[in-house]
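Examination of the molecular architecture
Chain by chain, the residues run as shown.
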Amino acid sequence: MSKVKAEYIWMDGHEPTQKLRSKTKVIDGSLSSLNDLPIWSFDGSSTNQAAGDNSDCMLQPISYVSDPIRGGDDVLVMCEVMNADGSFHSTNTRAHLREVDKKFKDQESWFGIEQEYTLFQGRVPLGWPEGGYPAPQGPFYCGVGADEVYGRDIVEEHLELCLDAGLEISGINAEVMPGQWEYQVGPLGPLDVADQLWISRWLLYRIAEDYGVSATLHPKPVKGDWNGAGAHTNFSTKSMRNDGGLKVIESACESLGKKHDKHIAVYGAHNEERLTGLHETCSIQDFRYGVSDRGASIRIPMATANDGKGYLEDRRPSANMDPYKVCSILIETTCG
Ligand code: ADP
Ligand code: MN
Ligand code: MN
Ligand code: MN
C-alpha cells in the first residue's frame, strides 16, 4: 500500500511567544479529505503545554496543503491543540478566532499580512561582518546586488515553496535593514490568512535549515539605528470595500484608538523595542491614523483615500505576532 508522510504542525506553549513544533506521521493509503488525517497526540510536558504526570495533548488537523519539500503526495497539516477530553487547550488561540469568524461572518473581512523577518548566521544578521556593522541603512530596501542584499537564494526558494504549497503569497521584497526581508500573505479571510501565515513561517524556518541559516521574527533583532521587523496587517470589511467605505474606515480607526492598549497587549512581545516613533513607526504610547502616513499607527493607503473605499493598514503588530489573536481583535474592535 502507498504511504503518505504527513507533517503535523502546531503552536507550542512557549512564553512570551509561542513557537512552532512539528512531527511526521506516516499514513497508509492516500488522502482525499481532512477526514483521512487522524487525530494524533504529543508529549505536552516537553512543549510547556502539560505537566509530566498528565502529559498527553491532542492534535486536531484543521487544514492541510501539499508538502513542497518532500513532494509527491506528502502533506503539511496545520493542527489545533486540544485537551484529552476534547476541549480546546489554553494555548489554542485559533479556537477563539473560529468563534469570532462565525459571529461576524456577514462582514466578510479580508486580511493581507506583511511578514517581515531577519536571517541570521550564527549571532549576526546574514551578510553582516562578524563583530561589526555594514554601511548605514539607505540602499538596502528593495535593493539588488551582492553588496546590497543577502540571502536572496533562500528568499526565492521560500517563495517557490509557498506557491507550490498553494499559499496565497502576494509578493516579496528586501527590507530596510540588510539581511531583513518581507513577504505578504493574502488578502484572505481570517482563518485562511492566519493558517497560511503559520505554514509559511514553518516553511521559512525549515528551508533556512538547509542553508545553515536561521530566520527570526524578533521585532528588534539589532538594537540601535536599525529598522525593526513588523507584521503590518491590512484589513477590510465588505462595507469598507464598497462605496462610502472611507467613512467606515475612519470610524473603525476611531474605535481602534479607544482600544489601543488592548491591541498592543496582543500585538507581539518586545514590540516596545520597535515602536519607538523612529524607523517608520508610531510610538507605542501614542495612537494616530492618517492617509499615506508611515509614521502613524494606522495608515489609510493613498489609493483608498482617493477611491473613497478600500482598506486600512494597522502598522503596530510586530513580526512575531500571533495572527489568530491579531485577526480576532481587529474584527471584534471594528465590527463589535
Ligand atoms: P506596503 O505598501 O505597506 O508595503 P504591501 O504591498 O507590502 O504594502 O502589502 C499590502 C497588503 O495588503 C497585501 O498583502 C495585499 O494583499 C493586502 N490587501 C490589498 N487589498 C486589501 C483589502 N481590500 N483588504 C485587506 N488586505 C488587502
Ligand atoms: Mn510591504
Ligand atoms: Mn515592510
Ligand atoms: Mn506596510
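Residues numbered from 1 in each chain as written. Chains lettered and ligands numbered in written order. Predicted model: local features only at pLDDT ≥ 70, side-chain atom pairs only at ≥ 80, totals over all residues. Heavy atoms only, no water.

**So, the site of ligand 1**
E182, P187, S236, R299 and E313 are the nearest of the 16 residues found near ligand 1. Between an oxygen atom of ligand 1 and a side-chain N or O atom of Q184, the distance comes to 3.2 Å. Isolated, ligand 1 exposes 590 Å² of accessible area, and the fraction of that covered by the protein chains is 77%. A total of four residues in the shell around ligand 1 trace back to one element, the largest contributor, which is strand β9 (residues 180–188). (Near = heavy atom within 4 Å. Polar contact = N/O pair within 3.5 Å; in protein donor to acceptor, adjacent residues only side chain to side chain. Areas by Shrake-Rupley, 256 points an atom, 1.4 Å probe, with all protein chains shown as cover. Helix = DSSP H or I, 4+ residues; strand = E, 2+ residues; numbered from the N terminus.)

**Some words on the domain arrangement of the protein chain**
Assigned domains within the protein chain: domain 1 (3–92) and domain 2 (101–335). Each of domain 1 and domain 2 has a C-alpha centre, and these two points are 26 Å apart. Across the contact, 16 residues belong to domain 1 and 17 residues belong to domain 2. Of the roughly 1500 Å² buried at the junction of domain 1 and domain 2 (both faces included), carbon and sulfur atoms supply 77%. Remark: the boundary between domain 1 and domain 2 carries zero salt bridges. At the boundary of domain 1 with domain 2, the tally comes to one residue pair in polar contact (both at pLDDT 80 or more). When residues in the side of domain 1 that touches domain 2 are grouped by element, the largest group, four residues, is from strand β4 (residues 56–66). Across the side of domain 1 that touches domain 2, the residue classes tally to ten nonpolar, five polar and one charged. (Domains from an automatic or database assignment. Contact = heavy atoms within 4.5 Å. Buried area = accessible area lost by both parts, 1.4 Å probe. Salt bridge = Lys/Arg side-chain N within 4 Å of Asp/Glu carboxyl O. Nonpolar A, V, L, I, M, F, W, Y, C, P; charged D, E, K, R; others polar.)

**Some points on unusual backbone geometry**
Cis geometry is adopted by the peptide bond preceding P16, which originates at E15 and carries an omega value of 0 degrees. The step from G186 to P187 runs through a cis peptide bond, and the omega angle for that step is 0 degrees. Look at E280: it is not a glycine, yet its phi comes out positive at around 60 degrees. Along the chain, E280 falls in the loop between α6 (260–264) and β12 (289–291). By relative accessible area, which is 42% here, E280 ends up partly exposed. (Buried < 20%, exposed > 50% of the residue type's maximum accessible area, 1.4 Å probe, protein only.)

**Details of the coordination of the manganese ion (ligand 2)**
Coordination of the manganese ion (ligand 2) by the protein is provided by E114 (OE) and E182 (OE), with metal-donor distances spanning 2.2 Å. In this structure, the manganese ion (ligand 2) is positioned 3.9 Å from the manganese ion (ligand 3), and both are ligated by E182. Placement of E114 in strand β6 (residues 110–121) and of E182 in strand β9 is noted, with a sequence separation of 68 residues between them. For the residue pair E114 and E182, the accessibility class agrees, reading buried in each case. (Donors = N, O, S within 2.8 Å, 3.2 Å for Na, K, Ca; no water.)

**Remarks on the packing of aromatic side chains**
Taken as a whole and judged by the stated rule, the model has seven aromatic pairs. Ring plane angle 75 degrees and centroid distance 5.1 Å describe the contact between Y8 and W40, whose orientation is recorded as edge-to-face. Of the two residues, Y8 is situated in strand β1 (residues 3–11) and W40 in strand β3 (residues 40–43); the sequence distance between them amounts to 32 residues. In this pair, the class of Y8 matches that of W40, namely buried. Judged by centre distance (6.0 Å) and plane angle (55 degrees), the ring pair of Y117 and Y183 falls under tilted. Residue Y117 is located in strand β6, and its partner Y183 is located in strand β9; the two are separated by 66 residues in the primary sequence. Owing to a relative accessible area of 1%, Y117 belongs among the buried residues under this scheme. Among the residues examined, Y183 registers a relative accessible area of 1% and is labelled buried. Three or more aromatic residues link up through ring pairs in this structure, and these residues are W128, Y133 and W226. (Phe/Tyr/Trp six-rings, centres within 6.5 Å; stacked < 30°, edge-to-face > 60°.)

**Some remarks on helix α2 (residues 152–164)**
Taking 1.5 Å as the rise per residue, α2 with 13 residues should run 18 Å; its terminal C-alpha atoms sit 18 Å apart, in good agreement. Residues of α2 that are buried: I154, V155, H158, L159, L161 and C162. Angularly, the buried residues of α2 cover 165 degrees about the axis, an arc narrow enough to put them on a single face. Those residues of α2 that are buried are in contact with β6, β8 (169–174), β9 and α3 (190–210). Directly after α2, the chain includes G166, whose backbone phi takes a positive value near 85 degrees. (Expected span 1.5 Å × (residues − 1). Arc of directions from axis to C-beta.)

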